[in-house]
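If you want the building blocks of each chain, they are given just below.
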Amino acid sequence: MKVTEHIKNAKKTLFSFEILPPLKGTSIQSIYNSLDPLMEFKPSFVDVTYHREEYVYKKRNDGLLERRAVRKRPGTVGICAAIMNKYQVDTVPHIICGGFNKEETENALIDLDFLGIDNVLVLRGDPIKSETYFTADEGGHKYASELLEQVNGMNNGIYLDEELKSSAPTNFCIGVAGYPEKHFEAPNMRSDIHFLKKKVEAGADYIVTQMFFDNQQYFDFVNLCRENDITIPIIPGLKPLSTAKQLSLLPQRFHLNVPNPLVDEVLKCKTNEAVRQVGVEWATQQVKELIEFGAPCIHFYTMGKSDNVQKIVSSFS
Ligand code: FAD
């Protein structure tokens, strides 16, 4: 079922979870181990992130370095199919511009369609670690809005090969990313909203936000979107803080602010166990306020750890 149908049919705020494929060489059991405790909360859907290649340097026998492209977390599509099969839950694979040309994207979408996957989260992807700026692959897309146009085209039976006649249209529900604290490359919020609106005009059905720790950021973002005639559902993304290190790691990686009261509470903690508890209490309060605000669904970035998310969601069921 489509994410938008889940939202339309819901009588209360829904929950959804996002997982990462495990590192290459790890069994899929690790995914089941983190999802098993969460399935009792009947998530409406489970997102599976996509991780493009990274470049590593290997020393050759002649002493020279060889650059190799390695995908450390492959398996997004297989995990989606396995989860659907095991738990009978809808999955949302993330698809990105980076590392794909249009032909490869089309073939990937055909696989997803044949597997009965109804949703995709369409993203640009970050620059690869060795690059400062995002570079599109030759024959690939530069922005999420362009990738979205391709998905939307296929939803209308338009494939790359113009000679294909009576092609079967796909029927993907399309999610996109939104940034309550602005995307780090956008010169300002107005510009970021302008391009978010382009994604909506190109056919996006719903938005999932980057994580935030201050709900006011989400409330302001939703209001700004509505003022700009972006009317589709905006799903808040939450990540419970779980280690003291994340106080610097999350702002560095995701370009967000951590509010002072949360920083103060974390700094008082003597152990990471205590930090996890602070993270659970903070996120539980966030969920409470987001439900009161009328958020359609609350999306948890589990990052492979489910015990804290389990504690939070259990307070609301
Ligand atoms: P876009 O919407 O293309 O925007 C990128 C930047 O370009 C923004 O600053 C925007 O304002 C600007 N812009 C957009 N269109 C134009 C234009 N036409 N001209 C000029 N500027 C423009 N990354 C992964 O690699 N894998 C994942 O699974 C993944 N999952 C994510 C899930 C969520 C919910 C979120 C919020 C992010 C996720 N990301 C993931 C990270 C995401 O790929 C990065 O944040 C990336 O830098 C931007 O992606 P986007 O889809 O928002 O890009």
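For clarity, every value in this text was computed on a predicted model and none was experimentally measured. (Residues numbered from 1 in each chain as written. Predicted model: local features only at pLDDT ≥ 70, side-chain atom pairs only at ≥ 80, totals over all residues. Heavy atoms only, no water.)

Details of the packing of aromatic side chains
One pass over the structure, following the stated rule, counts nine aromatic pairs. When the ring of Phe-17 is compared with that of Phe-300, the centres are 6.2 Å apart and the planes differ by 35 degrees; the resulting orientation is tilted. Taken together, the positions of Phe-17 in strand β1 (residues 14-19) and Phe-300 in strand β10 (residues 297-301) put the pair 283 residues apart, joining distant regions of the chain. Exposure class is identical for Phe-17 and Phe-300. Each is buried. A ring pair is formed by Phe-212 and Tyr-218, whose centres lie 5.6 Å apart and whose planes are at 10 degrees; its orientation type is stacked. Judged by its relative accessible area of 1%, Phe-212 falls in the buried class. Put simply, the rings of Phe-15, Phe-17, Phe-300 and Phe-316 pair up and form one aromatic cluster. Here the basic side chain of Arg-67 rests over the ring of Tyr-55, its NZ or CZ set 3.8 Å away from the ring centre. (Phe/Tyr/Trp six-rings, centres within 6.5 Å; stacked < 30°, edge-to-face > 60°. Helix = DSSP H or I, 4+ residues; strand = E, 2+ residues; numbered from the N terminus. Buried < 20%, exposed > 50% of the residue type's maximum accessible area, 1.4 Å probe, protein only. Lys NZ or Arg CZ within 6 Å of the ring centre and 35° of its normal.)

With respect to helix α9 (residues 260-268)
Helical geometry note: an α-helix holds 3.6 residues per turn, so side chains three or four residues apart project in the same direction. All of the buried residues in α9 are Leu-262, Val-263 and Val-266. Down the axis of α9, the buried side of the element spans an arc of 100 degrees, and every buried residue falls inside it. Of the residues in α9, the exposed ones pointing more than 90 degrees away from the buried face are Asn-260 and Lys-268. If you follow the buried residues of α9, they end up packed against α8 (246-254) and α10 (272-293). (Arc of directions from axis to C-beta. Contact = heavy atoms within 4.5 Å.)

Looking at the environment of Leu-112
Position of Leu-112 among the secondary structure elements: in helix α4 (residues 102-114). As for Leu-112 and Pro-93, which are separated by 19 residues in sequence, their C-alpha atoms are 8.5 Å apart. Apart from residues lying up to four places away in sequence, Leu-112 is in contact with Val-77, Pro-93, Ile-95, Ile-117, Val-120 and Phe-172.

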